[in-house]
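Breakdown of the fold
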Amino acid sequence: DAGVTQSPTHLIKTRGQQVTLRCSPKSGHDTVSWYQQALGQGPQFIFQYYEEEERQRGNFPDRFSGHQFPNYSSELNVNALLLGDSALYLCASSMVGQGVGNEQFFGPGTRLTVL
Amino acid sequence: DAKTTQPPSMDCAEGRAANLPCNHSTISGNEYVYWYRQIHSQGPQYIIHGLKNNETNEMASLIITEDRKSSTLILPHATLRDTAVYYCIVRVASGSGNTGKLIFGQGTTLQVKP
């Protein structure tokens, strides 16, 4: 049973560029959440997708956008990259409707470096 | 979501029990206590969760005080591979419009020493 997968593992971009990160959820999961983790900090919630729609959003600017596909996989897009966007981007999947047992399973993350 | 307070770091000898405390004095009645850990450069890993009763699984035990204002995660026989950052999180159950998002604090860095 494949867990959560993310691609690419590492990425280097320059300021002003755009980036797309990808996530495939754990088998049987239908919800994908994205988190940003700066060096030395805990992960920060960006947004969550369910049924191909954004359900909730954290305190992130509109430069951060996402998409969920019919197969439940998801993309995170960041436009006009800033140096401060350098971070580990984590994808977590879960299944709506499992109630309290709905723990999130995390992927290994994509390390984004903005120069 | 209620906030949690954890010590920034702890040491534990290999083979001994590691007891990681967490304060969540503002926890609401419908909020659960979750524990995750993050080994260096990996994604967070779910460990255990509970509401008010003590819980145990193959990884750890969770002891929640009767007033639910604090809890302790216990790793009964710590190994070097348990060295990680441990996060205590309180949140409502997902469903009924709640997304179950996780709000991470700084966590406790547990160093298991030989």
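Now for a quick tour of the structure. Everything numeric in this text was worked out from a predicted model, so none of it was measured. (Residues numbered from 1 in each chain as written. Chains lettered and ligands numbered in written order. Predicted model: local features only at pLDDT ≥ 70, side-chain atom pairs only at ≥ 80, totals over all residues. Heavy atoms only, no water.)

Looking at the overall build of chain A
Looking only at helices and strands, one finds zero helices and 11 strands in chain A. If you list the helices and strands of chain A from N to C, you get β-β-β-β-β-β-β-β-β-β-β. For chain A, the C-alpha radius of gyration of 13 Å lies close to 13 Å, the compact-globule estimate for 115 residues. Judged by the C-alpha coordinates and their principal axes, chain A covers about 40 × 25 × 25 Å. (Helix = DSSP H or I, 4+ residues; strand = E, 2+ residues; numbered from the N terminus. Rg over C-alpha atoms; globule rule 2.2 N^0.38 Å.)

Let's talk about the interface of chain B and chain A
Taken together, the 23 residues of chain B in the interface contact 22 residues of chain A. Each partner contributes to the roughly 1,800 Å² buried at the junction of chain B and chain A, and carbon and sulfur atoms together form 48% of this total. Taken together, chain B and chain A are joined by zero salt bridges. Our enumeration of links across chain B and chain A arrives at three residue pairs in polar contact (both at pLDDT 80 or more). Breaking the side of chain B that touches chain A down by element, the ones donating at least two residues are β3 (31-38), β4 (45-50) and β8 (84-92) of chain B. No other element matches the four residues that β3(B) contributes to the side of chain B that touches chain A. Here the side of chain B that touches chain A is built from residues that sort into nine nonpolar, 12 polar and two charged. (Contact = heavy atoms within 4.5 Å. Buried area = accessible area lost by both parts, 1.4 Å probe. Salt bridge = Lys/Arg side-chain N within 4 Å of Asp/Glu carboxyl O. Polar contact = N/O pair within 3.5 Å; in protein donor to acceptor, adjacent residues only side chain to side chain. Nonpolar A, V, L, I, M, F, W, Y, C, P; charged D, E, K, R; others polar.)

Some remarks on the sheet that holds β8(B)
Residue and element names in this part refer to chain B. Judged by pairing direction, the sheet is mixed, and its five strands sit side by side in the order β1-β9-β8-β3-β4 without closing on themselves. With partners counted over all chains shown, the strands left at the sheet margins are β1 (9-13) and β4, one partner each. Direction aside, neighbouring strands of the sheet carry axes that sit 25° apart on average. Sheet analysis places β8 next to strand β9 (residues 108-113), joined by three bridges and oriented antiparallel. Across the sheet, residue Ala 84 finds its bridge partner in β9, namely Leu 110. (Pairing = 2+ DSSP bridges. Axes fitted to C-alpha atoms, helices over the stretch in contact; angles between N-to-C directions.)

Remarks on the side chain of B:Gln6
Residue and element names in this part refer to chain B. Among the secondary structure elements, Gln 6 is positioned in the segment before β1. Within the structure, Gln 6 has its side chain in polar contact with the backbone oxygen of Tyr 86 (distance 2.9 Å). Look past the residues within four positions of Gln 6 in its chain and what remains in contact with it is Pro 21, Cys 22, Trp 35, Tyr 86, Tyr 87, Cys 88, Gly 107 and Thr 108.

A short note on the packing of aromatic side chains
Applying the stated criterion across every chain, the model contains 11 aromatic pairs over all chains. Here A:Phe60 and A:Phe64 contribute two aromatic rings whose centre-to-centre distance is 5.2 Å and whose plane-to-plane angle is 65°, an arrangement assigned as edge-to-face. For the pair shown, A:Phe60 and A:Phe64 are each scored as buried. Taken together, a centroid distance of 5.9 Å and an interplanar angle of 85° make the contact between A:Phe106 and B:Tyr36 edge-to-face. Residue A:Phe106 is located in strand β10 (residues 105-106), and its partner B:Tyr36 is located in strand β3; the two belong to separate chains. Per residue, the accessibility class of A:Phe106 equals that of B:Tyr36, and both read buried. Cluster of aromatic residues (ring-pair linked, three or more members): A:Tyr35, A:Phe45, A:Phe106, B:Tyr34, B:Tyr36, B:Tyr46, B:Tyr87 and B:Phe104. The ring of A:Phe105 has A:Lys26 sitting right over it, with the charged end atom 5.2 Å from the ring centre. Lying across the ring of B:Tyr34, B:Arg91 places its NZ or CZ 4.4 Å from the centre. (Phe/Tyr/Trp six-rings, centres within 6.5 Å; stacked < 30°, edge-to-face > 60°. Buried < 20%, exposed > 50% of the residue type's maximum accessible area, 1.4 Å probe, protein only. Lys NZ or Arg CZ within 6 Å of the ring centre and 35° of its normal.)

Regarding the state of the cysteines
Evaluated as defined, the whole model comprises two disulfides over all chains. Disulfide pairing is shown between A:Cys23 and A:Cys91; the S-S distance is 1.8 Å. Since a negative S-S torsion denotes a left-handed disulfide, the A:Cys23-A:Cys91 link at about -55° is left-handed. Taken together, the residues span a long stretch of sequence, with A:Cys23 in strand β3 (residues 19-24) and A:Cys91 in strand β9 (residues 87-94) at a distance of 68 residues. One disulfide in the model links B:Cys22 with B:Cys88; its S-S distance is 2.1 Å. Its torsion about the S-S bond being -80°, the disulfide of B:Cys22 and B:Cys88 is classed as left-handed. Of the two residues, B:Cys22 sits in strand β2 (residues 18-23) while B:Cys88 sits in strand β8, which places them 66 residues apart along the sequence. Comparing B:Cys22 with B:Cys88 shows no difference in burial state: the two are buried. B:Cys22 provides the cysteine sulfur closest to B:Cys12, a residue in no disulfide bond, and the two sulfurs are 18 Å apart. (Disulfide = S-S within 2.5 Å.)

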